[in-house]
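Residue strings, one per chain:
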Amino acid sequence: MPGLFMEMEQAVAYRSVEDGSQILDLEDEQCFRRKEEASYPLGLEREILQAIRLGKKNEAERVLEQFMAEITRAGSSEFQVQQMMLQLLGSIQHMMLQTGVTPYKLFGGCNMYERLSTIREPAQMMKWMIGEVLLPYVQEIEMRSQEPMKQVVERTMLFIDENYRNELSLESCADAEQMTPYALSKAFKQVSGMNFIDYLTRVRMDAAKQLLRETTMKINDIAGAVGYQHSYFNRIFKKQEGLTPSQYRDQWLGK
């Protein structure tokens, strides 16, 4: 019985991927040879690799659907479909290596061939390929492409931290990085999660509150020390903190 079970399990791999009931005659060798002529869609593979390499996830999914439709056409067996998907996985991983992404690290050390080999249904193979292979790579490429912008924003934030006492503007910081104000503003929001002016205001308010708590400096002098005109400083401080600078100091001192 164990031997027969193994034979049956192996035979199932040769079933047609077409829907409907099927009969496999283990004594009929033609049952396992009749579909060997199925060809691998190399052109679609190249299109998939190109879309993935460029980070075009939707395009990659679209072509992958065409690839799956091609290899599951009438007459294809489960075994053939699985072998072609394994071939595609190998090509994708080779492409990843060429772009400097190590599949072993990207997939957390998992044996992706082994995992794919356990999936039999074409729809599940498709879902697995998109979610477990394409998506992680596209996310990795997007993160790498944002790295230069991340460094620009970090430099700008450090510049603000060290120069908030002076007159600063988005335009002057953009000029320092040799980029447009729009590009810096967009990158700043994406990386830091806040607008340029909001970050500058927060840095100045934090510095002002520290001076109000730890010194006896006059409000006018504190305003100048954090880069504001006195009248504007009072308005922006109350808007941000809900109190005037004097009220904040009195509250801190317990008056």
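Residues numbered from 1 in each chain as written. Predicted model: local features only at pLDDT ≥ 70, side-chain atom pairs only at ≥ 80, totals over all residues. Heavy atoms only, no water.

Engineer: What exactly am I supposed to notice about the overall build of the chain here?
Structural biologist: Secondary structure assignment for the chain yields 14 helices and zero strands. Seen in sequence order, the chain has helices and strands lined up from the N terminus as α-α-α-α-α-α-α-α-α-α-α-α-α-α. Every one of the 255 residues in the chain was classed for burial, and the buried ones make up 36%. A fraction of 62% describes how many contacts in the chain between residues 6 or more apart in sequence connect residues 24 or more apart. Per element, the accessible surface of the chain, about 15500 Å² overall, is 51% carbon and sulfur. (Helix = DSSP H or I, 4+ residues; strand = E, 2+ residues; numbered from the N terminus. Buried < 20%, exposed > 50% of the residue type's maximum accessible area, 1.4 Å probe, protein only. Contact = heavy atoms within 4.5 Å. Areas by Shrake-Rupley, 256 points an atom, 1.4 Å probe, with all protein chains shown as cover.)

Engineer: I keep staring at the packing of helix 4 (residues 57-71) against helix 5 (residues 78-98) and nothing clicks. Help me out?
Structural biologist: Each pair of packed helices gets described by two things: the angle between the helix axes and the distance between those axes. Relative to each other, helix 4 and helix 5 sit at 145°, their axes nearing to 10 Å. Handedness of the crossing formed by helix 4 with helix 5: right-handed. Residues L64, F67, M68 and I71 of helix 4 touch helix 5, and the partners they reach there are V81, M84, M85 and L88. For the contact of helix 4 with helix 5, the residue count by class is eight nonpolar, no polar and no charged. (Axes fitted to C-alpha atoms, helices over the stretch in contact; angles between N-to-C directions. Left-handed = near helix turned anticlockwise from the far one by under 90°. Nonpolar A, V, L, I, M, F, W, Y, C, P; charged D, E, K, R; others polar.)

Engineer: Explanation requested: the pattern of salt bridges in the structure shown.
Structural biologist: Opposite charge on two side chains allows them to pair when their charged atoms are near. Taken as a whole and assessed by the stated rule, the structure comprises eight salt bridges. Between E59 and R62 there is a salt bridge whose closest N-O contact spans 2.6 Å. Of the two residues, E59 and R62 are both situated in helix 4; the distance of three residues between them amounts to about one turn of the helix. The exposure class assigned to E59 is partly exposed, which follows from its relative accessible area of 32%. For R62, a relative accessible area of 38% corresponds to the partly exposed category. One salt-bridge network, held together by shared partners, links D206, K209 and E241. (Salt bridge = Lys/Arg side-chain N within 4 Å of Asp/Glu carboxyl O.)

Engineer: Just to check I follow, could you spell out the layout of surface pockets for this structure?
Structural biologist: To find leftover empty space, a probe the size of one water molecule is rolled over the atoms. In this model, the largest pocket occupies a volume close to 200 Å³. Residue lining of the largest pocket: 13 residues in total, with I197, T201, R204, Y228 and Y232 positioned closest to the centre. When residues of the lining of the largest pocket are traced back to their parent elements, those giving at least two are helix 11 (196-214) and helix 13 (230-241). Class assignment for the residues of the lining of the largest pocket results in six nonpolar, three polar and four charged. By volume, the second largest pocket is sized at about 150 Å³. Secondary structure elements with two or more residues in the lining of the second largest pocket: helix 8 (122-163) and helix 10 (181-192). Per-element tally for the lining of the second largest pocket: the top contributor is helix 8, with six residues. Among the residues forming the lining of the second largest pocket, the class breakdown is four nonpolar, three polar and two charged. (1 Å grid on protein atoms, 1.4 Å probe; cavity = no way out; pocket = protein on both sides within 12 Å on 5 of 7 lines; lining within 4 Å. Points joined across faces, edges and corners; volume = space filled by probe spheres on them.)

Engineer: Help me understand the packing of aromatic side chains, please; the structure alone is not making it clear to me.
Structural biologist: The description of an aromatic ring pair uses the distance of the two centres, along with the angle that the planes make with each other. For the structure on display, the rule yields seven aromatic pairs. A connected cluster of aromatic rings, assembled from ring pairs, spans Y228, Y232, F233, F237 and Y248. When the ring centre of Y228 is taken as reference, the NZ or CZ atom of R204 above it lies at 5.0 Å. Sitting above the plane of the W252 ring, R213 keeps its charged end 5.2 Å from the centroid. (Phe/Tyr/Trp six-rings, centres within 6.5 Å; stacked < 30°, edge-to-face > 60°. Lys NZ or Arg CZ within 6 Å of the ring centre and 35° of its normal.)

Engineer: Would you take a moment to explain helix 13 for this structure?
Structural biologist: Side chains of residues three or four places apart in an α-helix project in the same direction, reflecting 3.6 residues per turn. Compared with the 16 Å implied by 1.5 Å per residue over 12 residues, the 16 Å span of helix 13 between its first and last C-alpha is a close match. Looking at the buried side of helix 13, the elements it contacts are helix 11, helix 12 (219-225) and helix 14 (245-253). Immediately beyond the C-terminal end of helix 13, within one or two residues, lies G242, with a positive phi of roughly 85°. (Expected span 1.5 Å × (residues − 1).)

Engineer: Would you explain unusual backbone geometry in this entry?
Structural biologist: A positive phi angle, near 55°, is found at Q178, a position not held by glycine. Checked against the element boundaries, Q178 lands in the loop between helix 9 (170-176) and helix 10. Residue Q178 is classed as exposed on the basis of its relative accessible area, which comes to 76%.

Engineer: Help me out: how do you make sense of the nonpolar core in this one?
Structural biologist: As a rule of thumb, soluble globular proteins bury nonpolar side chains together. One finds L64, M85, I92, L116, M129 and V133 to be the most contacted residues of the largest nonpolar core, which totals 33 residues. Broken down by secondary-structure element, the contributors of at least two residues to this core are helix 3 (42-53), helix 4, helix 5, helix 7 (112-117) and helix 8. Take this core: its biggest share by element is nine residues, from helix 5. Beyond its immediate chain neighbours, meaning those up to four positions away, M129 contacts L64, M85, L88, L89, I92, L116 and L134. (Core = buried A, V, L, I, M, F, W, Y, C linked by side-chain atoms within 4.5 Å.)

This is a description of form; function is not addressed.
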